[in-house]
Amino acid sequence: MSAIRRKFGEDYQVVNTNRSITFSAPVKRKRQRFVEKNGRCNVQHGNLGGETSRYISDLFTTLVDLKWRWNLLIFILTYTVAWLVMASMWWVIAYIRGDLSHGGHDSSYTPCVANVYNFPSAFLFFIETEATIGYGYRYITEKCPEGIILFLFQSLLGSIVDAFLIGCMFIKMSQPKKRAETLMFSQDAVISQRDGKLCLMFRVGNLRNSHMVSAQIRCKLIKSRQTPEGEFLPLDQCELDVGFGTGADQLFLVSPLTICHEINTKSPFFDLSQRSLMNEQFEIVVILEGIVETTGMTCQARTSYTEDEVLWGHRFLPVMSLEEGFFRVDYSQFHNTFEVPTPPYSVKEQEEKSSLTSPNPLPVAPTPNSPPLGNGGRGGRRERLLSADCVDHAEDQATRLPSKLQRMSSTREELLWKGLKTGPPLPGGKASSTGDLPLSIQRLRSSSIPVVRQGQPEEQVQLLSLDGEAEEGELEKHRLPAAISSIAAPAPTQVQIPLVGSRPEDNLPPKLRRMNADR
C-alpha cells in the first residue's frame, strides 16, 4: 500500500478484487491559511532568545494585548498584593512603636494609629485610607512622623497603580476589535466578466448604522515564488489593485459593496484560467481600514480567500431592494452567488487568440504623382497644371490678408478673369507682369514654382485648356475650380507668366508693397 501511494499519490481509491472491502486514500488535508477567515494571523513567534525583555519594556502594550482572563488575573493579584504589603507596613510600624502591647490604649498613651491592635485592624486601616472611606474610628496621629511618610507613599503608589490598571482595562474594553466583527466579508470570491473585462470580485458590508469614516480597502496576494536567480520567497506578498489609481478603494460603506480587481497585463492573475485555478496555491488577504464614527478610533477588519474559495464564472446575488421610502438590504443573500457565462480562458490566452484572429490592416497604397502635362519641347520649359487643391490652398492663404487687401485682390481677380473670358487670347510669345495677376496666383507661384537660378531655364505657370484626350480633359475639369475650368476652349490657349523676381513681394504693385511693409 505504501509503495502504491508513493507512486500514484494520495488522491486515489483502491478497490479489492473480492468487492467486499473498499480502501480509500485519506482525504487531502486542507492547506494551512496565513490569515484566518476571522482576520486572525496564523503566525507564532518562537526562539526569541534575549529579545523577550522587549515585552517588559513595553509593559502597557503587553498587558493590553493579553487575553481577558490574564488581564483579570493580573488586575486582582496586583491590588491584593499591594493591599497586603501596605497593611503589613502599617502593622510593622505599630509593632515597633509598641502599640500592639497597649491593648486598651489608655488616655495617657498616644499611639501612631489609633485603634490598631493587630494585623486585621492594620489591614482595615489601609483599606479605609486607600478607598477614602473614612469611618473615623481608626486614624493617624501627629506623634508618628514615620506614619506620615508612609501615608504619603501609600497615596502616591495607589494613584499610580489605579492609573495603570484602570487605564489598561479601559483601553482593552474600548478597543475597536469588536467593531470589526460587525464588518462582513463574503465567504467566497468570484471571477466573472464586468464591463467586458475579466475581474476578481468579493463583497463587503457594514451591519451597523454608524458609518466607517475614511474607509479604505487593500488586497494582498500571498504566494510562494522563486526568482530568476534561484531564490525561493515563501509567502511573498504582492499588491492587488482594487482601484487605487481611480479612487475606487475609498469606500462609502453604508450598504454592501462589491470590490472589483480588474485582471489585466499588470495583474498577477494575467495568466490564470479556470483549469490552472485548480492547480494554483495562493491566498488573497483583504484589509479594510476606517475610523469608527462613535469613538474616533481606527478599526481594521481582515479576511482571506484561498484558491478553493475563488469561484470561476459566478456572480453575487443582489441584496438591495427599494421599499416605500427607504432602501432595504437583505443580508440573507449576502454570501449567495449564481453562475454566469464566463470564458474559461485566461486574459493572456484571450489576447493571444484575438490577435491571431483579427484581420491585418490593409496597406495604404501610395498616391502616384500626376505626370507633368503640357508640351515639354518648347525651349526646354516644364509646364505644370494647377490642381484644385493647390488653388484652394492659395485661396486659404489669401484669406489671411487684411480686409482691405482682400477687397483689392478680389477686385483685381474679377477684372482679370473677365478679361480672360471676353477678350482675345493672349499671344504665346507675349508675357504679362505678375503684378497684374490676382494675389492668390502670385502666392501660388512662390509656393509651387522653384526660383530661377543661374544656368536653369526660366519656369512659367501655364493655364492650359486641354483639347486632347477626353478622359484627361474631364478629369482636369473636375480637379480645377470653376473659374479656371471656364478658361478652357477648343483651341489650345496658354497664359505664360514669367518669373520676374525671386520673391512674390517683388512682383506686387508699389501700393501693395508699401501696405505689406506697413503690416
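In this report, we go over the structure that sits alongside the text. (Residues numbered from 1 in each chain as written. Predicted model: local features only at pLDDT ≥ 70, side-chain atom pairs only at ≥ 80, totals over all residues. Heavy atoms only, no water.)

A word on a nonpolar patch on the surface
Point 1. A contiguous nonpolar patch, built from Phe60, Trp68, Leu72, Phe170, Ile171 and Met173 and spanning about 580 Å² of accessible area, is present on the exposed surface.
Point 2. The set of elements that each furnish at least two residues to the nonpolar patch consists of α4 (68–97) and α6 (145–173).
Point 3. When its relative accessible area of 32% is taken as the criterion, Ile171 is described as partly exposed. (Patch = residues over 30% accessible without salt bridge, like charges linked within 9 Å, V, L, I, M, F, W, Y side chains within 5 Å. Areas by Shrake-Rupley, 256 points an atom, 1.4 Å probe, with all protein chains shown as cover. Salt bridge = Lys/Arg side-chain N within 4 Å of Asp/Glu carboxyl O. Helix = DSSP H or I, 4+ residues; strand = E, 2+ residues; numbered from the N terminus. Buried < 20%, exposed > 50% of the residue type's maximum accessible area, 1.4 Å probe, protein only.)

A look at the layout of surface pockets
Point 1. Within this model, the largest pocket holds a volume of roughly 1100 Å³.
Point 2. Every residue lining the largest pocket is counted, 30 residues in all, and those nearest its centre are Asn38, Gly39, Arg40, Lys177 and Glu181.
Point 3. When residues of the lining of the largest pocket are assigned to their parent elements, the largest contribution, six residues, is made by strand β11 (residues 298–306).
Point 4. Taken together, the residues of the lining of the largest pocket break down into twelve nonpolar, nine polar and nine charged. (1 Å grid on protein atoms, 1.4 Å probe; cavity = no way out; pocket = protein on both sides within 12 Å on 5 of 7 lines; lining within 4 Å. Points joined across faces, edges and corners; volume = space filled by probe spheres on them. Nonpolar A, V, L, I, M, F, W, Y, C, P; charged D, E, K, R; others polar.)

What about the pairing of strand β6 (residues 212–226)?
Point 1. Sheet topology places β6 next to strand β10 (residues 283–292); nine bridges connect them, and they run antiparallel. In the strand pairing of β10, Ile222 is matched with Glu283.
Point 2. Pairing analysis gives two bridges linking β6 to strand β8 (residues 250–251), with the strands arranged antiparallel. Within the sheet, the bridge partner assigned to Gln216 lies in β8 and is Gln250.
Point 3. Inspection of the sheet shows β6 paired to strand β7 (residues 232–240) by seven bridges, in the antiparallel sense. Bridge assignment links Lys220 to a residue of β7, and that residue is Glu239.
Point 4. Taking the residues between adjacent antiparallel strands as the criterion, β6 and β7 are bridged by five residues, where Gly230 takes a positive phi near 95°. (Pairing = 2+ DSSP bridges.)

A few points about the pattern of salt bridges
Point 1. Following the criterion strictly, the structure yields ten salt bridges and no others.
Point 2. Of the charged contacts, one joins Glu128 and Arg138 as a salt bridge, the two residues approaching to 3.8 Å between their closest N and O atoms. Taken together, the positions of Glu128 in helix α5 (residues 119–130) and Arg138 in the loop between α5 and α6 put the pair ten residues apart, joining distant regions of the chain.
Point 3. Overall, the relative accessible area of 19% leaves Arg138 in the buried class.
Point 4. For the salt bridge of Glu181 with Lys178, the shortest nitrogen-to-oxygen distance reads 3.5 Å. Accessibility classification places Glu181 together with Lys178 in one group, the exposed group.
Point 5. Residues joined in a network through salt bridges with shared partners are Arg33, Lys37 and Glu309.

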